[in-house]
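# Understanding the architecture of this molecule
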Amino acid sequence: MAATGIGNPLLGETTCGSLLQQLQIIWDEVGESDDERDRMLLQLEQECLDVYKRKVDQAAKSRALLLQSLADSKAELAKLLSALGEKSFSGIPDKSSGTIKEQLASIAPVLEQLCKQKEERIKEFTDVQLQIQKIRGEIAGTLKNGELTGAPVIDEEDLSLKKLDEYNFQLQELQKEKSDRLHKVLDFVSTVHDLCAVLGMDFFSTITEVHPSLNDSIGVQSKSISNETLSKLSEMVLALKEDKKKRLVKLQELAAQLTDLWNLMDTPSEERGLFDHVTCNMSTAVDEAEVEVERLDQLKSSRMKEIAFKRQTELEEIYARAHIEIDSTAARERVLALIDSGNVEPSELLADMDKQILKAKEEAQSRKEILEKVEKWMSACEEESWLEDYNRDDNRYNASRGAHLNLKRAEKARILVNKIPALVDTLVAKTRAWEEDRGMPFTYDGVSLLAMLDEYTMLRQEREEEKRRLRDQKKFHEQLATEQETFFGSRPSPVRPLGPKKVVGPRSAANGGASNGTPSRRLSLNTHQNGMRSASRDGKRDLNRAAPPVINYVAISKEDAASHVSGHDPIPASP
């Protein structure tokens, strides 16, 4: 029985109570006294307290470490925000929200993001300061072969955007100064080249005496722009000009002596002609020559502008015929700026413009087939518009002058209008194929052609719905008239339904209803010009298409034309 009693508590879950119960059973079997039992229980309680204390101490130390880590994270966060010049950050959690671990978990991604931002900002500062240091070295003449002496020192305590903007402003000022100095150097080099050619001197050896980088084989951006180089170039130009003046004076003196000797000895003109290249400089002054050179330079610039603008006009005409919109003003300003800056050789500029013209012609050729079908579509829509006006004219069958011509045109227009749906489907297919091949939208005077065709199709469907509604309305009025005739013995004239709204097509809708005739080819709803154009044409096609036509997306058929005539009026046969 004792063994059974001891084993039963162990069959279940082992707890403090079950273990104490087991201990009581053992004590009973052993016969421990009450004092011994109390002593052992007190010992057990003391050991339990010691375990709890150790756990509490460990938990307190862990909490202290977490609080220190949280404080360090917050301090690092504040330091990063201060360095980046950020007053606040959207991802920063609330100070009192959540447990310590939750706060640490929420701060960690913010710190990581700010650290990455700091690294990127340091890289930006380094790049800007490297460029500043390089340009300053070029200006001072201390930079050797484009190599920097050392990396710039970055103040990581101030990485704000304001500070970066200050460095960028310094860089822009230095870049402007470098550009100005480079222009001066190139001007001096060009002058030295011309003077060396006149004086018969070796340009390469002369210019490299100033600085080796002034050789033509070295790129423009690598040329020396230091104060020393500019000073030496200026002195060399003055020296060469002075030498040129001395030589010209000496040449003029020799030419004068030759002339005196020739006159004295009556030398024939044939012998004098051998020295015309010498005597022609007798009356020439250096200042006059320089003025003539400046005049020719100005004439060259003016002539270049004229030729470049002629090329630009040709380019604009190609794009206009292809119905491609370009910013002509900006393009002309760019060409003018390039010519005035002198950074581009005239031959290179003209060659580049010729490439643009060739590219424009190729693009226009790729659009030719689609544009021809667009013109056919717009012409058909114009005839559709005229046919609607014609069918609405109650006097169209009167024996007036030119009526037979209008009848013939109406018959041809109906045939043409019936071909519009197939023409639109073909246009959509070819346009989509063109766009897939080129990877860009096909625009017509700045408007997507597919958008124009989609809107046309939508308005055509609306027109069909309106026509069906008018037919139903007519049938209703006829039925009502028949019933009234049955009751009253007479048939009153049916109420004429209002005609369907006229839909403006891609030519006249482009104007938004204006009557100035500017074909912008956009779609909208406006019927103001329809009557004006019909009255002015008198049945003839406007060949030059100065005023954009209004498109009737679905022509009124012969049966629909009869619906606009009152029920008791005779209806002549439609052509």
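Residues numbered from 1 in each chain as written. Predicted model: local features only at pLDDT ≥ 70, side-chain atom pairs only at ≥ 80, totals over all residues. Heavy atoms only, no water.

## Focus on the overall build of the chain
Along the backbone of the chain there are 17 helices and two strands. Taking all 575 residues of the chain together, 32% fall into the buried category. In the chain, of all internal contacts separated by at least 6 residues, the share reaching a separation of at least 24 is 71%. Within the structure as shown, the chain displays about 36,300 Å² of accessible surface, and the carbon and sulfur contribution to it stands at 54%. (Helix = DSSP H or I, 4+ residues; strand = E, 2+ residues; numbered from the N terminus. Buried < 20%, exposed > 50% of the residue type's maximum accessible area, 1.4 Å probe, protein only. Contact = heavy atoms within 4.5 Å. Areas by Shrake-Rupley, 256 points an atom, 1.4 Å probe, with all protein chains shown as cover.)

## Quick notes on the packing of helix 4 (residues 100-140) against helix 5 (residues 161-199)
Angle between the axes and distance between the axes: these two values describe a pair of packed helices. In the contact formed by helix 4 and helix 5, the axes pass within 10 Å of each other and the chain directions differ by 30 degrees. Viewed along their axes, helix 4 and helix 5 adopt a mutual orientation that is roughly parallel. Judged by the twist between their axes, the crossing of helix 4 over helix 5 is left-handed. Where helix 4 approaches helix 5, its residues Arg121, Glu124, Phe125, Val128, Gln129, Gln131, Ile132, Ile135, Arg136, Glu138 and Ile139 are matched on the opposing element by Leu161, Lys163, Leu164, Tyr167, Asn168, Gln170, Leu171, Leu174, Gln175, Glu177, Lys178 and Arg181. Class assignment of the residues belonging to the contact of helix 4 with helix 5 gives a composition of 10 nonpolar, five polar and eight charged. (Axes fitted to C-alpha atoms, helices over the stretch in contact; angles between N-to-C directions. Parallel < 35°, antiparallel > 145°, perpendicular 65-115°, else oblique. Left-handed = near helix turned anticlockwise from the far one by under 90°. Nonpolar A, V, L, I, M, F, W, Y, C, P; charged D, E, K, R; others polar.)

## Regarding helix 5
An ideal rise of 1.5 Å per residue puts 57 Å on 39 residues; helix 5 measures up with 56 Å between its terminal C-alpha atoms. Phi for glycine 200, located one or two positions after helix 5, is positive at around 75 degrees. (Expected span 1.5 Å × (residues − 1).)

## Things to note about a negative patch on the surface
Taken together, the side chains of Glu119, Glu120, Glu124 and Asp127 present a region of like negative charge at the surface. The topology assignment puts glutamate 124 in helix 4. Using a relative accessible area of 37% as the deciding quantity, one classes glutamate 124 as partly exposed. (Patch = residues over 30% accessible without salt bridge, like charges linked within 9 Å, V, L, I, M, F, W, Y side chains within 5 Å. Salt bridge = Lys/Arg side-chain N within 4 Å of Asp/Glu carboxyl O. Lys, Arg positive; Asp, Glu negative; His and termini not counted. Charge placed at Lys NZ, Arg CZ, Asp CG, Glu CD.)

## Notes on unusual backbone geometry
The phi dihedral of histidine 323 falls on the positive side, at around 60 degrees, and the residue is not glycine. Although it is not a glycine, aspartate 445 adopts a positive phi angle of roughly 55 degrees. Relative to the helices and strands, aspartate 445 is located in the loop between strand 1 (443-444) and strand 2 (447-448). Note on aspartate 445: relative accessible area 16%, which makes it buried.

## Quick notes on the UniProt feature "coiled-coil region" (unreviewed entry) in the chain
Sequence positions flagged by UniProt for "coiled-coil region" (unreviewed entry) are, in local numbering, residues 449-480. What you have in residues 449-480 is 100% helix and 0% strand, and the ends, taken at the C-alpha atoms, are 46 Å apart. (UniProt positions renumbered as here; feature names shortened; annotations may be inferred.)

## Observations regarding the packing of aromatic side chains
Across all of its chains, the model carries four aromatic pairs by this definition. Between phenylalanine 125 and tyrosine 167 the ring centres are 5.7 Å apart and the planes differ by 80 degrees, which places this aromatic pair in the edge-to-face class. Of this pair, phenylalanine 125 sits in helix 4 while tyrosine 167 sits in helix 5, and the two are 42 residues apart along the sequence. Between the aromatic rings of tryptophan 386 and tyrosine 390, the centroid separation amounts to 5.2 Å while the plane-to-plane angle is 15 degrees, which identifies the pairing as stacked. (Phe/Tyr/Trp six-rings, centres within 6.5 Å; stacked < 30°, edge-to-face > 60°.)

## A closer look at the nonpolar core
Most often, soluble globular proteins have nonpolar side chains that are buried together. Ranked by size, the top nonpolar core spans 39 residues in total, and within it Leu114, Val185, Val192, Ile207, Leu214 and Leu240 carry the most contacts. Put simply, the parts of the chain that give this core at least two residues each are helix 3 (34-84), helix 4, helix 5, helix 6 (203-208) and helix 7 (227-265). No fewer than three residues from each of domain 1 (19-88 + 99-118) and domain 2 (122-244) sit in this core. Leave out the neighbours within four places in its chain, and isoleucine 207 touches Val189, Val192, Leu214 and Leu233. Counting 30 residues, the second largest nonpolar core, distinct from the first, contains Met378, Ala380, Trp434 and Tyr456. (Core = buried A, V, L, I, M, F, W, Y, C linked by side-chain atoms within 4.5 Å. Domains from an automatic or database assignment.)

## Focus on the environment of serine 379
Tracing the backbone shows serine 379 in helix 12 (residues 346-392). Taking relative accessible area as the criterion, serine 379 reaches 11% and is therefore assigned buried. The sequence separation of serine 379 and valine 417 amounts to 38 residues, and the corresponding C-alpha distance is 9.8 Å.

## Focus: the pattern of salt bridges
Counted according to the given criterion, the structure contains 19 salt bridges. Note that arginine 469 and glutamate 466 form a salt bridge whose closest N and O atoms lie 4.0 Å from each other. With arginine 469 and glutamate 466 both in helix 15 (residues 449-488) and three residues apart, the pair spans about one turn of that helix. A cluster of three or more residues bridged by salt bridges with shared partners is formed by Glu388, Arg392 and Arg463.

## What about the side chain of threonine 206?
By the secondary structure assignment, threonine 206 is in helix 6. Polar side-chain contacts of threonine 206 include one of 2.6 Å to the backbone oxygen of aspartate 202. (Polar contact = N/O pair within 3.5 Å; in protein donor to acceptor, adjacent residues only side chain to side chain.)

## Observations concerning the confidence of the model for the chain
When pLDDT is averaged along the chain, the result is 76; 74% of the residues meet or exceed 70. A low-confidence stretch, residues 1-11 (pLDDT under 50), is modelled with seven contacts involving residues beyond four sequence positions or located in other chains. Here residues 508-575 scores under 50 on pLDDT; set against residues more than four positions off or in separate chains, the count is 177 contacts. (pLDDT = per-residue confidence, 0-100.)

## Some words on the environment of arginine 37
Here arginine 37 lies in helix 3. In sequence terms arginine 37 and leucine 23 are 14 residues apart; their C-alpha atoms lie 9.7 Å from each other. Non-local contacts of arginine 37, meaning those with residues more than four positions away in its chain, are made with Gln24, Trp27, Asp28 and Glu32. At a separation of 3.2 Å, a polar atom in the side chain of arginine 37 contacts the main-chain carbonyl oxygen of tryptophan 27.

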